[in-house]
Amino acid sequence: MDAPAGSDIVGAARATAERMLAHALPQRWRHVRAVGQKAERIGSAFSAPDAATLAAAAWLHDVGYAPDLVDTGFHPLDGARWLRSHGAGARVAVLVANHSCALIEASERGLHRMLADEFPLEHSAVADALIYCDLTTGPDGRSLTVEDRLSEIRARYGVGSMVARFVDRAEKDLVSAVWRTQRRLPAHAAGESI
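Now for a look at the structure at hand. Just so it is clear, the structure is predicted and the values come from calculations on it, not from any experiment.

## A few points about the overall build of the chain
Point 1. Scanning the chain for helices and strands turns up ten helices and zero strands.
Point 2. Counting from the amino terminus, the chain carries its helices and strands in the arrangement α-α-α-α-α-α-α-α-α-α.
Point 3. Relative to the 2.2 N^0.38 estimate, which gives 16 Å for 194 residues, the radius of gyration of the chain is 15 Å and therefore close to what a compact globule would have.
Point 4. Seen through its principal axes, the chain has C-alpha atoms that stretch 40 × 40 × 30 Å.
Point 5. For the chain, the proportion of its 194 residues judged to be buried stands at 52%.
Point 6. Taking as baseline every contact in the chain between residues at least 6 positions apart, the subset at least 24 positions apart corresponds to 68%.
Point 7. Total accessible area computed for the chain in this model is approximately 8,600 Å², and 53% of it derives from carbon and sulfur atoms.
Point 8. Here the chain contributes 22 positive and 24 negative side-chain charges, whose respective centroids are spaced 2 Å apart.

Here it is in structure tokens:
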């Protein structure tokens, strides 16, 4: 995926995500499609370049699950590496690598240093918004509260699992990012229809 300029980056990201996920992982694609659409809807709260970066990262945030891309088995890192090697913008790759507090999960997997060295964490409203889009969208694409989404993740992976431990450690940061984003959004954009 070469990094086109402006709104073209969103179309390219959407097409790449669909090509990599729709047939191989249809349930994952339902989630990704809803996350990408949500990011596009809230884009008006950001500058044009930030809105395009957010939407592109949202469409691509789970591309590392694509069977052909699995390397470490940690989808944020695998996806970001693939994006970097295929010409995606550096910022999009960083956002994908670190989406939804991935650095905390990376520490559970022994990949913290690798992720941090290759893709330095970005603290920004765009990074928060990517968490918002991901953590208020269920695996089937339905909108959920962040609390319901975290409960769903714990139930799906099981108490005591690596992912559940990650959620326990990251919950405060994840919920805070969602709340910060909700405060930044226009009232109509933060509603349940997002």
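## Some details on helix α9 (residues 146–157)
Point 1. With twelve residues, α9 should reach 16 Å at 1.5 Å per residue; the first-to-last C-alpha distance of 17 Å fits that figure.
Point 2. Along α9, the residues classified as buried are Val146, Arg149, Leu150, Glu152 and Ile153. Buried residues of α9, viewed axially, fall in a sector of 155°; they line one side.
Point 3. Phi for glycine 158, located one or two positions after α9, is positive at around 95°.

## Some points on the packing of α9 against helix α10 (residues 162–184)
Point 1. Remark: α9 packs on α10, axes separated minimally by 10 Å, with the N-to-C direction vectors making an angle of 165°. Relative to α10, α9 is oriented roughly antiparallel. Our pair here, α9 against α10, has a crossing hand that is right-handed. Where α9 abuts α10, its residues Val146, Glu147, Leu150, Ile153, Arg154 and Tyr157 lie against Val163, Val167, Asp168, Glu171, Leu174, Val175, Val178 and Trp179.

## Remarks on the packing of aromatic side chains
Point 1. Within this structure, the stated rule accounts for one aromatic pair.
Point 2. For the pair tryptophan 29 and tryptophan 59, a centre-to-centre distance of 5.9 Å together with 35° between the ring planes defines the contact as tilted. Taken together, the residues span a long stretch of sequence, with tryptophan 29 in helix α2 (residues 26–42) and tryptophan 59 in helix α3 (residues 48–60) at a distance of 30 residues. By the burial criterion, tryptophan 29 is buried, and tryptophan 59 matches it.
Point 3. Between arginine 28 and the ring centre of tyrosine 65, over which it is positioned, the NZ or CZ distance is 3.9 Å.
Point 4. Here the basic side chain of lysine 38 rests over the ring of tyrosine 132, its NZ or CZ set 5.8 Å away from the ring centre.

## Things to note about the packing of helix α1 (residues 8–21) against α2
Pairs of packed helices are described in terms of their axes, by the angle between the two and the distance that separates them.
Point 1. As a packed pair, α1 and α2 sit with axes 9 Å apart at the nearest point and diverge in direction by 170°. The pairing of α1 with α2 is recorded here as roughly antiparallel in orientation. Contacts from Val10, Arg14, Ala17, Glu18 and Leu21 of α1 reach α2 at Pro26, Arg28, Trp29, Val32 and Glu40.
Point 2. Here the residues of the contact of α1 with α2 sort into six nonpolar, no polar and four charged.

## Looking at helix α8 (residues 125–135)
Point 1. The buried fraction of α8 is high, at ten of eleven residues.
Point 2. Within α8 the residues assigned to the buried category are Val126, Ala127, Asp128, Ala129, Leu130, Ile131, Tyr132, Cys133, Asp134 and Leu135.
Point 3. Sitting at the amino-terminal end of α8 is serine 124, which places a side-chain oxygen 3.3 Å from the backbone nitrogen of valine 126.

## So, the nonpolar core
Point 1. Residues Ile42, Leu54, Leu115, Phe119, Leu135 and Leu150 are the most contacted members of the largest nonpolar core, which totals 65 residues.
Point 2. With nine residues, the top contributor of residues to this core is α3.
Point 3. With sequence-adjacent residues up to four places away left out, leucine 135 is seen in contact with Ser100, Thr145, Val146, Arg149, Leu150, Ile153, Leu174 and Val178.

## Observations regarding the environment of glutamate 18
Point 1. As for its placement among the helices and strands, glutamate 18 is situated in helix α1.
Point 2. In the structure, glutamate 18 is positioned 70 residues away from alanine 88 in sequence and 16 Å away in space, judged by C-alpha atoms.

Criteria and thresholds
- As a convention, each chain's residues are numbered from 1 in the sequence order in which they are written.
- In keeping with the predicted nature of the model, local features appear solely for residues at pLDDT of at least 70, side-chain atom pairs appear and are counted solely at 80 or more, and the whole-chain, interface and lining totals rest on all residues.
- The side-chain numbers reported here are obtained from all heavy atoms of the structure, hydrogens and water having been left aside.
- The numbering of helices and of strands both runs from the N terminus, where a helix is a DSSP run of H or I of at least 4 residues and a strand a run of E of at least 2.
- Two things to know: the radius of gyration comes from C-alpha atoms, and the globule rule equals 2.2 Å times the number of residues to the power 0.38.
- Each residue's exposure class comes from its accessible area (1.4 Å probe, protein chains only) as a fraction of the maximum for that residue type: buried when under 20%, exposed when over 50%, partly exposed otherwise.
- Any pair of residues with heavy atoms lying within 4.5 Å of one another is described as a contacting pair.
- Computed by Shrake-Rupley with a 1.4 Å probe, the accessible areas treat only the displayed protein chains as cover when residues are assessed.
- Only four residue types enter the charge count, namely Lys and Arg as positive and Asp and Glu as negative; His and the chain termini do not.
- All charge positions are set by atom: Lys at NZ, Arg at CZ, Asp at CG, Glu at CD.
- A helix is expected to span 1.5 Å for every residue after the first.
- In this description, the arc belongs to the directions extending from the helix axis to the C-beta atoms.
- For every element, the axis is a line fit to its C-alpha atoms; helices are fit only across the contacting stretch, and the angle between N-to-C directions ranges from 0 to 180 degrees.
- The scheme is simple: roughly parallel for angles under 35 degrees, roughly antiparallel for over 145, roughly perpendicular for 65 to 115, oblique for anything else.
- By definition, turning the near helix anticlockwise from the far helix through less than a right angle yields a left-handed crossing, and turning it clockwise yields a right-handed one.
- The rule is short: rings of Phe, Tyr and Trp, with Trp giving its six-membered ring, pair when the centres are within 6.5 Å, and they are stacked under 30 degrees, edge-to-face over 60, tilted in between.
- Sitting over a ring, as applied to charges here, requires NZ of Lys or CZ of Arg to be within 6 Å of the ring centre and within 35 degrees of the ring normal.
- Throughout this entry, Asp, Glu, Lys and Arg are counted as charged residues, while Ala, Val, Leu, Ile, Met, Phe, Trp, Tyr, Cys and Pro are counted as nonpolar. The remaining residues, Gly among them, count as polar.
- Here a polar contact is recorded for every N or O atom pair within 3.5 Å, except that within protein the pair must consist of a potential hydrogen donor and a potential acceptor, and residues adjacent in sequence are included only if both atoms are side-chain atoms.
- Residue types Ala, Val, Leu, Ile, Met, Phe, Trp, Tyr and Cys, when buried and joined through side-chain atoms within 4.5 Å, form a set referred to as a nonpolar core.

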